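The lines below spell out each chain.
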Amino acid sequence: MSPITVTRRRRPHPARLARQVTGAGSVAGLLFMAGCMATGASSQGATPAVHLDSERPVGWADDADTPIEPVGTLAPVTRATAPASTARPSVAPIAKAAVAPAAVAPTAAAPAAVAPATPAPTVRAATVTTARRTTPTTVRARPAAPAAKASSSSHSS
Amino acid sequence: MLGTQIWWYTARAGGIVAWALLGASVLWGLALSTRILRGRPRPNWILDLHRFLGGLALVFTGIHALALIADSYTHFGLVEVLVPFTGSWHPVAVAWGVIGMYLLAAVEVTSLLRSRLSKRAWRMTHYLSFPLFASTTVHALTAGTDRSTSLLRWSIIAVTVAVTVLTWVRVRAMDKGAGGTAGGPRIPANASVR
């Protein structure tokens, strides 16, 4: 006499197929959109640094109250005035350096700094080489920046 | 090159997918409660998909948040993602998303614990789905980098209109009281006669 084995069969989900389709479609949608963003960014400009500038979150550095530093001042000022411990330079050194851009020597990391000063759209395109590294630290300088933010953004310098 | 930006793309795409899943879940929930589809597809099929969409929206919200933390461009840390108004980049716009994340978590957790909660408590918490959808929509329109994309904008408008119409149908059915078919207690019509 064989023992009776009771096997519990789990009730399948009513919308099992719809679940699978929705789950796969969501993942595919994420990958598709990410791929479109990547290809769209790569087709917009010649250099990858331009992609970063064009994809900057709206309002990050494009706010109307945000002054746009002339070319030749942004990257060198950040390097020359910002100590290693503080990721966010104050606004004053930037303005001071902007007055005397000739004193700023171009560096190898910022070749765009040698370009002459141009209006805003051209400036953005020219400074994008260091935009990802320098622009957020410059724009996001606030009077009452918490200490935690300095450590969180220090890796960008 | 792409490796440094992949988290940024993942964050953006994950946020869009999470919002779409949330909108679909809200629409299915409203379709279930209003019974506007008149039994086709079956209510348990709609309920199953509604719950799955809500859970999936939470998963993609997590992907959205984690990708923002992993990305080195926007400088979002764990505190900025979890606590509203702590970030320096558009704190109000980001706060809508943070609040929406907590509302979504509350709705999901109470739905999972539905058998252990009173019906009133679950229902009251589930009503948070409406401010949840509103806050995430505002977040997408104010903080979203792709908000200027016409496809996304029209999708947001279409889903918002659909949710608004179904909500109006739902509220109107509730106003009808026990005679309404939507959301009312499932009591036989002759129960009060006895």
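Above this text you will find the structure in question.
Residues numbered from 1 in each chain as written. Chains lettered and ligands numbered in written order. Predicted model: local features only at pLDDT ≥ 70, side-chain atom pairs only at ≥ 80, totals over all residues. Heavy atoms only, no water.

1. Quick look at the nonpolar core
Counting residues in hydrophobic clusters, the biggest one holds 46 residues, and the most contacted among them are Y9, L21 and F60 of chain B. Listing elements by their share of this core, those giving two or more residues are α1 (16–44) of chain A together with α1 (2–34), α2 (43–70), α4 (91–112), α6 (129–143) and α7 (150–175) of chain B. Here the element with the most residues in this core is α1 of chain B; it accounts for 12 residues. Discounting residues that sit within four places of it in the chain, L21 of chain B has contacts with T22 and S26 of chain A together with L53, L56, A57 and F60 of chain B. (Core = buried A, V, L, I, M, F, W, Y, C linked by side-chain atoms within 4.5 Å. Buried < 20%, exposed > 50% of the residue type's maximum accessible area, 1.4 Å probe, protein only. Helix = DSSP H or I, 4+ residues; strand = E, 2+ residues; numbered from the N terminus. Contact = heavy atoms within 4.5 Å.)

2. Remarks on the pattern of salt bridges
A full pass over the atoms with the stated rule returns two salt bridges over all chains. Between R19 of chain A and D48 of chain B there is a salt bridge; the shortest N-O distance is 2.5 Å. Residue R19 of chain A is located in helix α1, and its partner D48 of chain B is located in helix α2; the two belong to separate chains. On the basis of relative accessible area, R19 of chain A is assigned to the buried category, the value being 18%. Across the pair R12 of chain B and D146 of chain B runs a salt bridge, and its minimum N-O distance is 2.7 Å. With R12 of chain B in helix α1 and D146 of chain B in the loop between α6 and α7, this pair connects stretches of sequence that are 134 residues apart. (Salt bridge = Lys/Arg side-chain N within 4 Å of Asp/Glu carboxyl O.)

3. Side note on the packing of α2 of chain B against α4 of chain B
Residue and element names in this part refer to chain B. Look at α2 against α4: their axes get within 10 Å of each other, and the N-to-C directions meet at 140 degrees. Looking at the two axes, α2 sits oblique to α4. Where α2 crosses over α4, the two elements pack in a sense that is left-handed. Residues R51, G54, G55, A57, L58 and T61 of α2 touch α4, and the partners they reach there are M101, L104, A105, E108 and S111. Here the contact of α2 with α4 is composed, by residue class, of five nonpolar, four polar and two charged. (Axes fitted to C-alpha atoms, helices over the stretch in contact; angles between N-to-C directions. Parallel < 35°, antiparallel > 145°, perpendicular 65-115°, else oblique. Left-handed = near helix turned anticlockwise from the far one by under 90°. Nonpolar A, V, L, I, M, F, W, Y, C, P; charged D, E, K, R; others polar.)

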